[in-house]
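An overview of the molecular structure
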Amino acid sequence: MSLSAQIMEHIKDAMRAKDTVALEALRSIKSELLLAQTASGSKEEITEDEEIKLLQRLVKTRKESAKIYTEQNRPDLAEPELAQVAVIEKFLPAQLSEAEVETVVAKIIAETGASGIASMGKVMGLATAQLGGTAEGKTISAIVKKLLV
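Note that residues are indexed from 1 along each chain, following the sequence as it is written. Only residues with pLDDT of at least 70 are given local features in this predicted model, and only at 80 or more are side-chain atom pairs given and counted; all residues enter the totals for whole chains, interfaces and linings. Just so you know, side-chain values use all the structure's heavy atoms and leave hydrogens and water out.

The next thing to look at is the environment of Ala5. Per the convention used, a helix needs a DSSP run of H or I reaching at least four residues, while a strand needs a run of E reaching at least two, with both numbered from the N terminus. For Ala5, the position within the fold is in helix 1 (residues 3–17). Relative accessibility decides the category of a residue: with a 1.4 Å probe and only protein chains considered, values under 20% of the type maximum give buried, values over 50% give exposed, and everything between is partly exposed. A residue is classified by how much of its surface remains accessible, and Ala5, at 29% relative accessible area, is partly exposed. On a C-alpha basis, the gap between Ala5 and Lys30 in space is 9.7 Å, while along the polypeptide they are 25 residues apart.

As a further point, take the pattern of salt bridges. Salt bridges are defined by distance alone: a side-chain nitrogen of Lys or Arg within 4 Å of a carboxyl oxygen of Asp or Glu. Applying the stated rule across the entire model yields seven salt bridges. Between Arg57 and Glu32 there is a salt bridge, and its shortest N-O distance comes to 3.7 Å. Here Arg57, found in helix 3 (residues 48–71), pairs with Glu32, found in helix 2 (residues 20–39); they are 25 residues apart in sequence, far enough to count as distant. With a relative accessible area of 46%, Arg57 lands in the partly exposed category. Across the pair Lys63 and Glu89 runs a salt bridge, and its minimum N-O distance is 3.6 Å. In this pair, Lys63 is assigned in helix 3 and Glu89 in helix 4 (residues 75–89), connecting sequence segments 26 residues apart. Judged by its relative accessible area of 34%, Lys63 is partly exposed. Classification of Glu89 as partly exposed rests on a relative accessible area of 35%. Members of the salt-bridge network, linked through shared partners, are Lys63, Glu89 and Glu136.

Turning our attention to the layout of surface pockets. Taken as a whole, the largest pocket spans an internal volume of roughly 730 Å³. Using a 1 Å grid laid over the protein atoms alone, points where a 1.4 Å probe fits but cannot get out form a cavity; open sets with protein on both sides within 12 Å along at least 5 of 7 lines form a pocket; any residue with an atom within 4 Å of a point counts as lining. Every residue lining the largest pocket is counted, 24 residues in all, and those nearest its centre are Gln56, Lys60, Ala135, Glu136 and Gly137. Among the elements of the structure, helix 3, helix 6 (120–131) and helix 7 (137–148) are those that each provide at least two residues to the lining of the largest pocket. Ranked by residue count, the leading element in the lining of the largest pocket is helix 3, at 10 residues. Grid points are joined across faces, edges and corners, and a volume is the space filled by probe spheres set on the points.

Right, here's the structure in full:
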């Protein structure tokens, strides 16, 4: 089942359950999917990789907003953002632990023979492509820096 169809089913369930937080998060996913599909000017489905990147961007945005609200002593605004993160993350693949990411990055560094911070871009490109939606870019970047220095 495509992501769009899954989202529509969950929207119906959230409406029946009168779950406003989930409904808001699901509607934002649906909106972003429609925008991504029509951005290219065609009605073609977007790829699974693009869907994952879109979902990761939505999660990242909400986490950043929640962090700002928390710093400004506004837990009333931070809580709904974090609740939406939980709803959106249900549609993402399981995230790898830092140890698992470190193992993959170490393997990439060994295969490419990369050394020093100058090779970071090359390693980041390969790691991001290989890890896909299973790890955040920030985590990958921190591990690459740690292993290359």
